[in-house]
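Spelled out, the chains give:
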Amino acid sequence: MEELDLKSIYTILCRKKFLVFGIVLISIVLGMIYSYCAVVPKYESSTTIILGNYSLDGIYLSNMVQTEISKSSNLVSTYSELIKSKSALKEVKDNLKLDIDEDTLKEMVEVEIVPETEVIEITVVSENSSEACKITNEVTKVFSEKIKEINNAQTVYIVDRAEESNIPYNVNHLRDICVFALIGFVISIIILIMIIVTDTTIKSVDDIENEIEDEVGDEMIAPVDDETVVKYTYCNATGLRASKDCSSKGTGYYSPDTELAFCSGKHPVTDSSEASST
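Note that this is a predicted model, so its numbers are computed, not measured.

## Let's talk about the confidence of the model for the protein chain
Across the protein chain, the average pLDDT comes to 75, with 69% of residues at or above 70. Here helix 10 (residues 271-277) stands out as the element of the protein chain with the lowest mean pLDDT, 44, in contrast to helix 2 (residues 17-38), whose mean of 92 is the highest. Counting contacts from residues 54-67, a segment whose pLDDT is below 50, to residues more than four positions away or on other chains yields 28 contacts. In this model residues 215-226 is a low-confidence stretch, pLDDT under 50, and it forms 15 contacts with partners more than four residues away in sequence or in other chains.

Take a look at the structure:
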């Protein structure tokens, strides 16, 4: 039965290939519209910094501040909140003369403490690549000044300065189109399966035999060996082709090779009939 189902799916897939192709094509067009028109390009700009500790006379101490960060989650949260603090972001906003509020700017800034390292990564996401780069560098500058205000012995080392990127990080046209095409193909397969499940038309001799068995139950019918069948009305009492004198009739499907005689209309009297006549 499973093999028959797979065969049916394959047969309908071949017969409905233009339907499948149409659905996939429509999905590709929708994917192109989504990727090129609906997705708003956003740009990332990142900088990497290390916090160092100096003595007042400028001699470098062996203990890095980031070592303390790795040991204390509270200190990690402190530096993250300091970078994204309202006062720091307000200063960034005023320095760059940005036409956005502090809450919007805070959502644009991401701070990540790299585990098991002495590195802090600051990333800014914006719809303008130049703006993202400027904000990243300005956040780093303001953060360095805030650190010095808190503890003059600490210094921020910039490992990688932010650079402007002309490639949006959230746009991948090929990926979007492929995903939509795959979704379209899956939808077309689901539609074909629904066609198979809901289609009750007779397509083969086996379907005819199954249909007759459902209608007449345990009645004996002549075997059908050919795709061409003949429909006869038979007498339920004799099993022969019904005549006008037959009161109980049924419909059967027979092979053209089957020779079925006509009923004479003289039906054998049953015991119940004899009893009633007596």
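Here the narrative resumes, following the displayed structure.
## With respect to a nonpolar patch on the surface
Taken together, the side chains of Phe-21, Leu-25, Ile-26, Val-29, Leu-30 and Ile-33 present a nonpolar region at the surface, about 580 Å² in accessible area. Here Val-29 lies in helix 2. Taking relative accessible area as the criterion, Val-29 reaches 41% and is therefore assigned partly exposed.

## Quick notes on the packing of helix 5 (residues 86-96) against helix 7 (residues 129-150)
To characterise two packed helices, one gives the angle between the axes of the helices and the distance between these axes. Running from N to C, helix 5 and helix 7 point in directions that differ by 130°, and their axes come no closer than 9 Å. Accordingly, the angle class assigned to the pair helix 5 and helix 7 is oblique. Handedness of the crossing formed by helix 5 with helix 7: right-handed. Seen from helix 5, the contacting residues are Ser-87, Ala-88, Glu-91, Val-92, Asn-95 and Leu-96; seen from helix 7, they are Lys-134, Ile-135, Glu-138, Val-139, Val-142, Glu-145 and Lys-146. Counted by class, the contact of helix 5 with helix 7 contains 6 nonpolar, 2 polar and 5 charged residues.

Reading the values: rules and limits
- Residues numbered from 1 in each chain as written.
- Predicted model: local features only at pLDDT ≥ 70, side-chain atom pairs only at ≥ 80, totals over all residues.
- Heavy atoms only, no water.
- pLDDT = per-residue confidence, 0-100.
- Helix = DSSP H or I, 4+ residues; strand = E, 2+ residues; numbered from the N terminus.
- Contact = heavy atoms within 4.5 Å.
- Patch = residues over 30% accessible without salt bridge, like charges linked within 9 Å, V, L, I, M, F, W, Y side chains within 5 Å.
- Areas by Shrake-Rupley, 256 points an atom, 1.4 Å probe, with all protein chains shown as cover.
- Salt bridge = Lys/Arg side-chain N within 4 Å of Asp/Glu carboxyl O.
- Buried < 20%, exposed > 50% of the residue type's maximum accessible area, 1.4 Å probe, protein only.
- Axes fitted to C-alpha atoms, helices over the stretch in contact; angles between N-to-C directions.
- Parallel < 35°, antiparallel > 145°, perpendicular 65-115°, else oblique.
- Left-handed = near helix turned anticlockwise from the far one by under 90°.
- Nonpolar A, V, L, I, M, F, W, Y, C, P; charged D, E, K, R; others polar.

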